[in-house]
Amino acid sequence: MEKQYKINFEAIESYEHLDAIEKTLYDKAMQIRNVAYAPYSNFTVGCAILLENGEIITGSNQENAAYPSGLCAERTTIFYTGANFPEVKIKKLFVIGAPRNATSSIPIPPCGACRQSILEYEAKQKDEIEIYFASLGGEIFKTKSIRELLPFSFDASYL
Ligand code: THU
């Protein structure tokens, strides 16, 4: 029997349609993207995380000459957050990616490994994390939880 899995997301028309805190997250993700360490792919990604105490943590992708040793912006940022604010809930995660010297307006979704890592923190804090992803200009896609982006996700309940 064929079945369907429905995922939900919101397409926000443009930066102007974001609220004040969302604009701040967008701006901070953009800023840190400018100093991403991505000399091999030249694909630069910035991430901004909003904590429930109002603090904003930012990070970018960090590449390595031994390519698999590098890390995406989302995991750089969420692991730093997990290490330094272990008791503070994460409310929102905003990610912006694009080739360094190109214009792009198609929202860049988190890679599969980052989705799995973000899911772990949702499970840990027993609360959803709103995910926003964008590129330079254009629409911003938003989901209420990483689960929307990771159907059939594997978590500790299976262990
Ligand atoms: N990258 C991210 O930072 N986040 C993603 O979700 C997708 C990919 C980075 C990894 C690598 O440094 C570059 O983008 C090209 O794959």
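The preceding data block contains the structure.
Residues numbered from 1 in each chain as written. Predicted model: local features only at pLDDT ≥ 70, side-chain atom pairs only at ≥ 80, totals over all residues. Heavy atoms only, no water.

Draft legend 1. Seen up close, the layout of surface pockets. Approximately 260 Å³ is the volume found for the largest pocket. The wall of the largest pocket is formed by 20 residues, among which V45, N61, E63, L71 and C72 lie closest to the centre. Of all the secondary-structure elements, those providing two or more residues to the lining of the largest pocket are strand 2 (43-51) and helix 2 (73-84). Looking at the lining of the largest pocket, its residues break down into 13 nonpolar, five polar and two charged. (1 Å grid on protein atoms, 1.4 Å probe; cavity = no way out; pocket = protein on both sides within 12 Å on 5 of 7 lines; lining within 4 Å. Points joined across faces, edges and corners; volume = space filled by probe spheres on them. Helix = DSSP H or I, 4+ residues; strand = E, 2+ residues; numbered from the N terminus. Nonpolar A, V, L, I, M, F, W, Y, C, P; charged D, E, K, R; others polar.)

Draft legend 2. Representation of the side chain of E122 in the model. Relative to the assigned elements, E122 resides in helix 3 (residues 112-125). Comment: no salt bridge for buried E122; closest opposite-charge side chain is R147, at 4.6 Å. Here I129 takes part through its backbone nitrogen, which lies 3.0 Å from a polar atom of the side chain of E122. (Buried < 20%, exposed > 50% of the residue type's maximum accessible area, 1.4 Å probe, protein only. Lys, Arg positive; Asp, Glu negative; His and termini not counted. Salt bridge = Lys/Arg side-chain N within 4 Å of Asp/Glu carboxyl O. Polar contact = N/O pair within 3.5 Å; in protein donor to acceptor, adjacent residues only side chain to side chain.)

Draft legend 3. Up close: the site of the ligand. Residues in contact with the ligand, as listed here, are S41, F43, V45, N61, E63, C72, A73, E74, P109, P110 and C111. Take A73: an N or O atom from its main chain is 2.8 Å from an oxygen atom of the ligand. At a separation of 2.9 Å, an oxygen atom of the ligand approaches a polar backbone atom of C111. Out of a free accessible area of 370 Å², the ligand has 75% covered by protein chains. Here the ligand is seated within the largest pocket. At the level of elements, strand 2 and helix 2 are the ones that each hand at least two residues to the shell around the ligand. Of the residues that constitute the shell around the ligand, the class distribution is seven nonpolar, two polar and two charged. (Near = heavy atom within 4 Å. Areas by Shrake-Rupley, 256 points an atom, 1.4 Å probe, with all protein chains shown as cover. Sits in = over half its atoms within 2 Å of the grid points.)

Draft legend 4. Geometry of helix 1 (residues 20-33). In this model helix 1 runs 20 Å from its N-terminal to its C-terminal C-alpha over 14 residues, within 8% of the 20 Å that 1.5 Å per residue would give. Along its buried surface, helix 1 packs onto strand 2, strand 3 (56-60), strand 4 (90-99), strand 5 (130-135) and strand 6 (137-143). Its side-chain oxygen at 3.3 Å from the backbone nitrogen of I21, D19 defines the N-terminal cap of helix 1. (Expected span 1.5 Å × (residues − 1). Contact = heavy atoms within 4.5 Å.)

Draft legend 5. The sheet that holds strand 1 (residues 10-12), seen in detail. Strands sit in the order 1-6-5-4-2-3 across an open sheet of six strands; the sheet is mixed. Only two strands of the sheet have a single partner each, and these edge strands are strand 1 and strand 3. The mean inter-strand angle of the sheet, taken between neighbouring strand axes irrespective of direction, is 20 degrees. Pairing of strand 2 with strand 3, which is carried by five bridges, proceeds in the antiparallel orientation. Directly across from C47, in strand 3, lies its bridge partner G59. Of the strands in this sheet, strand 2, strand 3, strand 4, strand 5 and strand 6 touch helix 1, which is tilted by about 45 degrees from strand 4. (Pairing = 2+ DSSP bridges. Axes fitted to C-alpha atoms, helices over the stretch in contact; angles between N-to-C directions.)

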